[in-house]
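Secondary and tertiary structure notes
Listed here are the chains, written in short residue letters.
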2 protein chains.
Amino acid sequence: MSTLTRLKEAQFNPHTLNKFATLMAAGNGYLGLRACHEEAYTEQTRGMYLAGFYHRSSSAESTELVNLPDVLHMRIELDGELFTLLSGTIVDYQRHLDFSCGELRRSLVWLAPNKKRYQIECQRFLSAAQHSLLCSRIAITPLDDDANVTISTGIDATQTNSGRQHLDETSVRVFEQRYLQGCYRTLDGSNEVVISSFCALPTNACSSFYAKNRRLTQHCSGKVAKGDAFIMVKTNWIASSLDADYHAESCSEQVLNKLVQCVERGYEQLLAESSREWDSWWQKSRVVVESEDPEDQHALDFALYHQFAMTPTHSERCSIAAKGLTGEGYKGHIFWDTEVFLLPFHMLTQPGIARQLLSYRWHNLPGAQAKAKKNGFQGALFPWESAWSGEEETPEFAAINIRTGLRQKVASALAEHHLVADIAWAVDAYYQVTRDDTFMRERGLTLLLETARFWISRAVEINGRLELHDVIGPDEYTEHIDNNAYTNYLAWHNVERAKHYLQQFAIHDADFVCQADDFLERIWLPVASPENLIAQDDSFLSKPTLDLTHYKAQQGTQAILLDYSRAEVNEMQILKQADVVMLTYMLPWLFSPAQLQANLDYYEPRTIHDSSLSKAIHGVIAARCGRLEQAYQFWQQACLIDLGDDPHSCDDGIHAAATGAIWLGAVQGFAGLTVEQGQLRLNPRLPVAWQSISLPFIWRGVHIHLTITHQHVTLSTSSDEPLEIWVADKCLSIVGGETVSLAGFFTPAHGSGTTKGAVQ
Amino acid sequence: MSTLTRLKEAQFNPHTLNKFATLMAAGNGYLGLRACHEEAYTEQTRGMYLAGFYHRSSSAESTELVNLPDVLHMRIELDGELFTLLSGTIVDYQRHLDFSCGELRRSLVWLAPNKKRYQIECQRFLSAAQHSLLCSRIAITPLDDDANVTISTGIDATQTNSGRQHLDETSVRVFEQRYLQGCYRTLDGSNEVVISSFCALPTNACSSFYAKNRRLTQHCSGKVAKGDAFIMVKTNWIASSLDADYHAESCSEQVLNKLVQCVERGYEQLLAESSREWDSWWQKSRVVVESEDPEDQHALDFALYHQFAMTPTHSERCSIAAKGLTGEGYKGHIFWDTEVFLLPFHMLTQPGIARQLLSYRWHNLPGAQAKAKKNGFQGALFPWESAWSGEEETPEFAAINIRTGLRQKVASALAEHHLVADIAWAVDAYYQVTRDDTFMRERGLTLLLETARFWISRAVEINGRLELHDVIGPDEYTEHIDNNAYTNYLAWHNVERAKHYLQQFAIHDADFVCQADDFLERIWLPVASPENLIAQDDSFLSKPTLDLTHYKAQQGTQAILLDYSRAEVNEMQILKQADVVMLTYMLPWLFSPAQLQANLDYYEPRTIHDSSLSKAIHGVIAARCGRLEQAYQFWQQACLIDLGDDPHSCDDGIHAAATGAIWLGAVQGFAGLTVEQGQLRLNPRLPVAWQSISLPFIWRGVHIHLTITHQHVTLSTSSDEPLEIWVADKCLSIVGGETVSLAGFFTPAHGSGTTKGAVQ
């Protein structure tokens, strides 16, 4: 495996503080920590978040992921000069995030206004070995003279979510004149978080402790000789009442003990323990490409680094927020992004985590059933935005229109119901990959049945056929339409799969089967026109078009809404993101190559790609159409959604689904590795710029390593069982343990219109 | 009248941001605004406060004065460089607060990191003519090249009180593409604040508007030629549901209309209107001294400027907080400071305001009666800390002891009862100065009776005499003692005055008179020893002493509590502040000059002066003892409580009582103007460094101007009625309208031990 890349920031730029705070965020699925500097900047949003730790600050607000008390901040004075990179001169600066172990490191030389130079080295990591552990280290070396160093740091609970406060400070303590501890409770009394910190200091340094105005502060000071380093290691342990092993009575002691144990081991050992976990994870996950463009590997490493950082593996009650744990965008809520854009990676690399993420939905079935009932439907209508309880968290009304003073009802929660079928799609996909009978019997089937019941109850009969009216498909610029193709097909798939597994697992439910049969027979599935075009919905194709060149040039900014109202946009053939194209991506076996191509060609020019969910999916479809150049272009553009030059594109957090889509594009698009109707399929279509792609995956318990070049496909597996795989249109059986090299099954398609290896 | 002085800040210093934000704060008694810079600094506490606008964010917190949404902040980019004085070079800088009109002005030249120079002029004022009006003006002149200027400003509701949020955003609007408006409601739903803003811009500038995350922002940008100024005037109108003319239904429109009317008049005219009010106020209030030390006049102007800024004149339901409206110290609560340290100034200059401040207590009688009842007493026990409702706001427990985890009960609310008698003392003093029969009949008498009833019920009988046990006197380093002399004497005075006015106003209440007579006859009033010493309490004189040199050198920091526990301090002869000395100040006619002197000499060496209420009172007593040098020293030290060099002494707000004490020291101490038992008395004792003092005052409706030199006393009055005044020990009758020059009534005492003009 080639060396993992690093994310670099070559200079300090006050305009990109929040971009890099997001890109370089630390995370272990339990905690997320924005890559803020130790010293504060007014323009930088500091943030630490615990998976599932939500709170609603008042009835006028939404539930949001709580910005926790800050342990990272350090107020640093060097010979009386307040350290900030805004003042003095930055002689040398670099910061990098090491994807291999999640350590963030900053090295700089600062010429202070007093004309003295100080070298400062900052390091930190969130442990992959112990979720609650956050370590940071700072070394300050005066280069020109002996120096007085003072650092004030502690646990700062003045943090808010943009001014909204969620926590009461219930206790602040200093134990044994060394260990800081703050205990906080959500204002509604439902959850607690306990934070303990310890600062290891040079022996000649002295400390004092203060608690005031929600800040527990250790004030450290000492002298350091020219050329020597003043080193502080700050070890922090963060626990919450959501933890399985949390005991309200003993939590303070428990957290303190954990901290003390870590302190004894020291920064380097703790980092080594964490790095071992990362190593093992990368072995299971990393996609390696040989490309003319080194940014391709970098984007893949970036995307997978963030998969690790954002994915809670400690609890079935948590899922992945739209911004992971990197920021407050979408208030930490969970959307269809998880099931459709993120789950495929987990199914194929760590299926246990995929099962856990699906279990999150299973635990939240009561909320979904209640929402269905409230809206006059049966079964389960999952919330468009979900947090801890599974209740609908989408605000009923959008932010006030500052010109009219009116608040528009948010349509997503009312009509963007495809999420229900997306969850069912993910349950089926998970089972196809894993054959996890236990999960399917105990949880999956319930999810499939309850979602199917929703669709059956939601359909309306029009002249004998069943239709789905007043929905929103994936394209959110087209609202309240009838028979959105994506929704209707996915709903059909949902009911079909429910019936299928009911029969497979020999569950007797004649009523359901009868209803399902009727639904499957009569649900309207929009058919392709003679030109292979599938209508996005009943009215879409009759709407006028608009030249979108101007808006496509500003993709991702929703600039069109500055020129047109939502209602006006709704009445034109304008897509925010893939819709029919998304459908052909989701259920590829239902559509012919000619249909894929025709719909890509029709809808893409009408798509602004204002959603981060759009580009990579177009890339996969373009690849399946054999248009490698276009596919590669889409994919590379998708890689820039967070990593690109826009200084503010990800200020409020990473585009989690987009990082998942980077993997999808490479693995499903270019490696052509898919699971379709129970078959493992491989249709490689490498971009010209790529010499190879290799990746590990797990297929029904068998660990496989796949390498693809333009000439060969190499599969190695450790299992004794024969493995069946369809390469292009041939089914091969690979015997366990051996490495098979396959050649001649396909011809590399250099940007040609079709490929011989395309799916039939 | 000599020109009013200005408060100057000669350089930008990141270490004194909060000190100057307090010292230079704007205020009109209705609103207070910290003197924060337009551009934000992480270390600067921004704040705007409305008198009486309190809220309690959770049951775990105290009621506090709400930090309102910020309208002052401007994010400024000059040719793409973010303007902050931490970066680039400050070529020129000065800021000054003009005491004559309350305008704050900053002029600077900034050499940006791009090596271009920009001249920036900022001005602002809170209107003295219209309480709700805040105007600011910024002029940016590029000196080296044409420039692109962008300013983002608006109404920012992410403000908190150290992380505690009090407001929900209920509406944000932009009217007519010009007028911003934000409406906010306290989380408990009880109060609302509405803020409207308008930015006047150069004609070629363009604007856009955004609302996100509690920020309503106007983004303005434009080009400006080298040498020309880009000028923005921002006019703001702030109103709340506490206003008498507030109507919930029409408040948005009402506030907008007010703003529009102001916008039409423009910055200069609005400033002129405000300045006229200031002029008239200074005419009624200013104390002018001719001193060798120009800082003396400066301190007096500073003190009176803040009297104006902190004193609510618009509502009887507001009083003056311990930090005025300049910061969040003491959470905006009201203490005895108002009645004892601030009211005398108002009685003698604007008695209507003194009446209003006393009415605040009258309105809050129900809370005081409830507190008395709850504690098993009769009458009214006013809360030690008071906010809007008059309920006790002192937290039951002090901040957690971070070492032990324990919270100590706060003793003040339980035992610091002298406040009750202090309020009665102020009612009597007000009546003596004004002969306001209406107030006394309708409100004052009730206050006197209810407070007297409290004392009668609070006394315990010990061997036939009445004692007051388990109290805290003004000296808060001596808690839970019996028969604190200050408390016993003031309680006696309280009951005596109640009985006196009952009889004067011919109110028949035989029961009360009978109880009062018994109380007055039997209450224990500690008598002076043969050495003229009055015991602070029953046990004080038997406690050991401690050399306080070390702690006196760190006055105001409570450094002794780092070395000794409160319990240990309690068992030594250590005073935080004047106690018996305070008693001799309050009821001077009860004590002989020898007694004043003996107690000053005994207690002062035992007093650390850790309270800001201490120094000036010692100064007055030293002056009354004729020790002018010592008195002047005390007074000058008292003037430095806020104005001194300590960079953090007033970070969380002005010491309101200390500013009142600056006036007390000059007027009662040096001019020797007092009211004692209904007599207007004058015993001038000018410091050697002073050539003269002159001041206006009102005595029973007659406007008088007094000038004192070392040789002469000059009184001018506009009334036709003869005015009786005691100068030294002679009673003079001055005929109305004429100017009388008096000489020879006293000999200037140059630091001698006694003065011939001392009170008998």
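Here is what the cut-offs are and how they apply
Residues numbered from 1 in each chain as written. Chains lettered and ligands numbered in written order. Predicted model: local features only at pLDDT ≥ 70, side-chain atom pairs only at ≥ 80, totals over all residues. Heavy atoms only, no water. Least-squares fit on C-alpha atoms with pLDDT ≥ 70 in both. Contact = heavy atoms within 4.5 Å. Salt bridge = Lys/Arg side-chain N within 4 Å of Asp/Glu carboxyl O. Helix = DSSP H or I, 4+ residues; strand = E, 2+ residues; numbered from the N terminus. Buried < 20%, exposed > 50% of the residue type's maximum accessible area, 1.4 Å probe, protein only. Core = buried A, V, L, I, M, F, W, Y, C linked by side-chain atoms within 4.5 Å. Expected span 1.5 Å × (residues − 1). Buried area = accessible area lost by both parts, 1.4 Å probe. Polar contact = N/O pair within 3.5 Å; in protein donor to acceptor, adjacent residues only side chain to side chain. Phe/Tyr/Trp six-rings, centres within 6.5 Å; stacked < 30°, edge-to-face > 60°. Lys NZ or Arg CZ within 6 Å of the ring centre and 35° of its normal.

**Looking at the relation of the copies chain B and chain A**
Superposing chain B onto chain A requires a rotation of 180° together with a translation of 0.0 Å along the rotation axis, leaving an RMSD of 0.0 Å. As the rotation angle and translation indicate, the two copies are arranged about a two-fold axis. It is Ser 87 of chain B whose C-alpha, among those of chain B, lies nearest the rotation axis, at 2.2 Å. Here 100% of the contact residues of chain B are again contact residues in chain A; the copies associate through an equivalent surface.

**Description of the pattern of salt bridges**
Scanning all chains against the criterion turns up 74 salt bridges over all chains. The salt bridge partner of Glu 61 of chain B is Arg 214 of chain A, with a shortest N-O separation of 3.8 Å. Of this pair, Glu 61 of chain B sits in the loop between strand S5 (54–56) and strand S6 (63–65) while Arg 214 of chain A sits in the loop between strand S17 (206–212) and strand S18 (215–224), each in a different chain. Glu 61 of chain B sits in the buried class, given a relative accessible area of 14%. The salt bridge involving Arg 75 of chain B is made with Glu 77 of chain B; its shortest N-O contact spans 2.8 Å.

**Let's talk about the nonpolar core**
Among the nonpolar cores identified, the biggest contains 204 residues, and Trp 336, Phe 341, Phe 519, Met 582, Trp 690 and Ile 693 of chain A are the most heavily contacted of them. No other element matches helix H8 (residues 418–434) of chain A, which puts twelve residues into this core. Judged by nonpolar contacts, the second largest core, of 202 residues, contains Ala 485, Ile 534, Leu 575 and Leu 587 of chain B.

**Re the environment of Ala 623 of chain B**
All names here are of chain B. By secondary structure assignment, the location of Ala 623 is in helix H17 (residues 615–624). We classify Ala 623 as buried; its relative accessible area is 0%. With sequence-adjacent residues up to four places away left out, Ala 623 is seen in contact with Leu 628, Ala 631, Gly 669, Phe 670 and Arg 685.

**Details of helix H5 (residues 351–363) of chain A**
For H5 of chain A, which comprises 13 residues, the first-to-last C-alpha distance of 18 Å matches the rise-based estimate of 18 Å (1.5 Å per residue) to within 8%. Along H5 of chain A, the residues that are buried comprise Pro 351, Ile 353, Ala 354, Gln 356, Leu 357, Leu 358, Ser 359, Tyr 360 and Arg 361 of chain A.

**Some words on the interface of chain B and chain A**
Residue-level contacts link 44 residues of chain B with 44 residues of chain A. Its largest share of buried area at the contact with chain A, chain B owes to Leu 86, Ile 402 and Arg 403 of chain B, together 17% of the area lost on that side. For the pair chain B and chain A, the interface holds six salt bridges. Two residues, Lys 212 of chain A and Asp 652 of chain B, come together in a salt bridge whose shortest N-O distance is 3.9 Å. At the junction of chain B and chain A, the tally comes to 17 residue pairs in polar contact (both at pLDDT 80 or more).

**As for the packing of aromatic side chains**
By the definition in use, this model includes 66 aromatic pairs over all chains. Note on Trp 635 of chain A and Phe 670 of chain A: the rings are 5.9 Å apart at their centroids and 75° apart in plane angle, and the pair reads as edge-to-face. With a gap of 35 residues between them, Trp 635 of chain A in helix H18 (residues 628–643) and Phe 670 of chain A in helix H19 (residues 656–670) connect regions that are remote in the sequence. Neither Trp 635 of chain A nor Phe 670 of chain A differs from the other in exposure class; each is buried. Both rings, one in Trp 336 of chain B and one in Tyr 486 of chain B, keep their centres 6.3 Å apart while their planes meet at 80°; by these two values the pair is edge-to-face. Taken together, the positions of Trp 336 of chain B in the loop between helix H3 (294–310) and helix H4 (337–349) and Tyr 486 of chain B in helix H10 (residues 485–504) put the pair 150 residues apart, joining distant regions of the chain. Like Tyr 486 of chain B, Trp 336 of chain B is buried. Over the face of the ring belonging to Trp 388 of chain A we find Arg 317 of chain A, whose NZ or CZ atom lies 5.4 Å from the ring centre. For Arg 681 of chain B, the ring lying beneath its charged end belongs to Trp 726 of chain B, and the centroid distance is 5.1 Å.

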